[in-house]
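Architecture and fold: a report
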Number of protein chains: 2
Amino acid sequence: MARVNPTEFAILGLLAEEPRSGYDIKKEVEERLSHFWSESFGHIYPMLRRLRKRELVEQKVERQEGRPDRKVYSITEEGRQALEAWFAEPSPPQRPRNELLLRIFMGRFADPEHLIRDVRAQRESFDAALAQLRAVQAHLDQAEEPHPDQLYWELTLDYGLRALEALTEWGQEAESKLRQLAQDEK
Amino acid sequence: MARVNPTEFAILGLLAEEPRSGYDIKKEVEERLSHFWSESFGHIYPMLRRLRKRELVEQKVERQEGRPDRKVYSITEEGRQALEAWFAEPSPPQRPRNELLLRIFMGRFADPEHLIRDVRAQRESFDAALAQLRAVQAHLDQAEEPHPDQLYWELTLDYGLRALEALTEWGQEAESKLRQLAQDEK
DNA sequence: CGCCGCATGTAAGAGGTTACATGATTCG
DNA sequence: CGAATCATGTAACCTCTTACATGCGGCG
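Please read all numbers here as calculations on a predicted model, not as lab measurements. (Residues numbered from 1 in each chain as written. Chains lettered and ligands numbered in written order. Predicted model: local features only at pLDDT ≥ 70, side-chain atom pairs only at ≥ 80, totals over all residues. Heavy atoms only, no water.)

Let us look at the protein's contact with DNA strand D. In the vicinity of DNA strand D, 26 residues are found, and the nearest of them are Y23, K71 and R97 of chain A together with S40 and H43 of chain B. Backbone atoms, meaning sugar and phosphate, make up 70% of the atoms of DNA strand D lying within 4 Å of the protein. In the model, a phosphate oxygen of DNA strand D is placed 3.0 Å from a nitrogen or oxygen of the N5 of chain B side chain. Of all elements in the fold, only helix 2 (22–33), helix 3 (41–53) and strand 3 (70–75) of chain A together with helix 1 (6–17) and helix 3 (41–53) of chain B reach the threshold of two or more residues within the surface near DNA strand D. Considering only residue class, the surface near DNA strand D consists of 6 nonpolar, 11 polar and 9 charged. (Near = heavy atom within 4 Å. Polar contact = N/O pair within 3.5 Å; in protein donor to acceptor, adjacent residues only side chain to side chain. Helix = DSSP H or I, 4+ residues; strand = E, 2+ residues; numbered from the N terminus. Nonpolar A, V, L, I, M, F, W, Y, C, P; charged D, E, K, R; others polar.)

Residue and element names in this part refer to chain A. Residues R49, R52, K53 and K71 make up a contiguous surface patch of positive charge. Sorting elements by how many residues they give to the positive patch places helix 3 first, with 3 residues. Topologically, R49 is positioned in helix 3. (Patch = residues over 30% accessible without salt bridge, like charges linked within 9 Å, V, L, I, M, F, W, Y side chains within 5 Å. Areas by Shrake-Rupley, 256 points an atom, 1.4 Å probe, with all protein chains shown as cover. Salt bridge = Lys/Arg side-chain N within 4 Å of Asp/Glu carboxyl O. Lys, Arg positive; Asp, Glu negative; His and termini not counted. Charge placed at Lys NZ, Arg CZ, Asp CG, Glu CD.)

All right, on to the interface of chain B and chain A then. At the junction of the two partners, chain B supplies 67 residues and chain A supplies 67 residues. Buried surface at the junction of chain B and chain A, summed over both partners, amounts to about 7,100 Å²; 64% is from carbon and sulfur atoms. The three residues of chain B that bury the most area against chain A are F87, F105 and Y159 of chain B, which together make up 13% of that side's buried surface. Summed over the shared surface of chain B and chain A, the number is 8 salt bridges. R162 of chain B is paired through a salt bridge with E173 of chain A; the nearest N and O atoms lie 2.6 Å apart. (Contact = heavy atoms within 4.5 Å. Buried area = accessible area lost by both parts, 1.4 Å probe.)

Let us now look at the nonpolar core. Counting residues in hydrophobic clusters, the biggest one holds 106 residues, and the most contacted among them are L12, L83 and W170 of chain A together with L12 and W170 of chain B. Non-local contacts of L12 of chain B, meaning those with residues more than four positions away in its chain, are made with L51, L56, V57, I75, G79, A82 and L83 of chain B. (Core = buried A, V, L, I, M, F, W, Y, C linked by side-chain atoms within 4.5 Å. Buried < 20%, exposed > 50% of the residue type's maximum accessible area, 1.4 Å probe, protein only.)

Attention shifts here to the protein's contact with DNA strand C. Not every one of the 25 residues close to DNA strand C is listed here, only the nearest: S40 and H43 of chain A together with Y23, K71 and R97 of chain B. In the interface set of DNA strand C, defined as its atoms within 4 Å of the protein, sugar plus phosphate atoms amount to 73%. The backbone of Y23 of chain B places a nitrogen or oxygen atom 3.0 Å from a phosphate oxygen of DNA strand C. The separation between a phosphate oxygen of DNA strand C and a polar side-chain atom of Y45 of chain B is 2.9 Å.

The pairing of strands in a sheet happens through backbone hydrogen bonds and is either parallel or antiparallel. Residues and elements named next belong to chain A. Read across the open sheet, the 3 strands follow the order 1-3-2; overall the sheet is antiparallel. Strands at the two margins of the open sheet, each flanked by one partner only, are strand 1 (20–21) and strand 2 (57–62). Two elements, strand 1 and strand 3, share 2 bridges in a ladder whose sense is antiparallel. Residue pairing in the sheet places R20 in a bridge with Y73 of strand 3. (Pairing = 2+ DSSP bridges.)

This part is about the packing of aromatic side chains. Taken as a whole, this structure holds 14 aromatic pairs over all chains when the rule is applied. Each ring, one from F9 of chain B and one from W86 of chain B, has its centre 5.0 Å from the other, and the planes form 5°; the classification is stacked. With F9 of chain B in helix 1 and W86 of chain B in helix 4 (residues 77–88), the pair connects residues that are 77 residues apart, well separated along the chain. Aromatic pair F41 of chain B and Y45 of chain B: ring centres 5.7 Å apart, planes at 15°, arrangement stacked. Placement of the pair is F41 of chain B and Y45 of chain B together in helix 3, with a separation of 4 residues, close to one helical turn. Its relative accessible area of 31% is what places F41 of chain B among the partly exposed residues. Taken together, F9, W86 and F87 of chain A form an aromatic cluster joined through their ring pairs. A cation over a ring is seen here: K26 of chain A above F41 of chain A, with NZ or CZ 5.6 Å from the ring centre. (Phe/Tyr/Trp six-rings, centres within 6.5 Å; stacked < 30°, edge-to-face > 60°. Lys NZ or Arg CZ within 6 Å of the ring centre and 35° of its normal.)

All right, on to the relation of the copies chain B and chain A then. Under the fitted operation, chain B is carried onto chain A by 0.0 Å of movement along the axis and a turn of 180°, and the coordinates agree to an RMSD of 0.0 Å. Expressed as a symmetry operation, the mapping of one chain copy onto the other fits a two-fold axis. Judged by C-alpha distance, A163 of chain B is the residue of chain B that lies nearest the rotation axis, at 2.8 Å. By residue overlap, the copies meet face to face through one surface: 100% of the interface positions of chain B are interface positions in chain A. (Least-squares fit on C-alpha atoms with pLDDT ≥ 70 in both.)

That is the geometry; function is a separate question.
Right, here's the structure in full:
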């Protein structure tokens, strides 16, 4: 099977849950996948059109008053097959690109204060993400009856929690080491 | 300051250490930055040309016999200023895209065996990376006289170690939970 | 003999973001 | 009154990878 566009399958996967508009898809990504995924409108809408041409999704137009028509897409049988084929293919290795680490690696050429600022900003965003994931976790835990997809959600959640816990610690240590360096330089 | 291409600064940073050819740059990225960065020839060569046009780097041709000329680039004063300006700008937030987690999140539509295969492959690559980073760490630790850039290298190393340690554990647990699920389904 | 390392580059295209355009409704 | 939400889309642009083209020298 040929190389594959992951956005295609993010969309197909969400439509396999239930029919949705492009706008809905964006919202779902933001609300439920945002700690490991992102999509923009400028990518979603053209992709839906392409998927439709390939008959992996179907469109139904819902008339609305006072606002544009809602175009609701649902996955077709062929779409489900494409989704299965995607899973059958092993997931390709990711190539890393972490700009913060690039900066730190080149740190010799920087003002240490700038590095401190960046590490700190990163740590703060880790903290915020961590708080959010913990809230989601609490929410999942207290459900009386577990959702059928619970295990899958927990696995992605757990990935995020473990990574973020480790990395906030890193952030604290990194910050204090850089502060010391900045001190020593004076 | 306008939006910025990080590849530009990866290259500029390496040339600030010492003059190098495009081929050298690729090698350095592979050998020293590969746990958080990557570049391809198809990006490096055109970028060097652009940097040269903007006079951020200079080219010197080294004649060689039996193989193509080596074009060695060095950073100019303007290049150093551009590098500084890059550091002054706060590093932009990264948008996450983790295909493995996307798959797991959509796990309902997959054969659990496929997920297990993917998680396992990921864990194995984490393990390999971890072993490599530990070797680098051992190497740094045993140096009699620390390199001036030691702190920066250690920080990026430490980031990788912490993240990978947390994530190999995740991988083990995820795999066993998915195995259980696969059992239960039979 | 074939592969690896050395060395440079181009062309095609995939993949993705940002900014723009449009406009009604609802909430504070 | 302004901002956010709902709702769809396009165009320009940037970034980056893959595949191709070329060719010598050294090693096993």
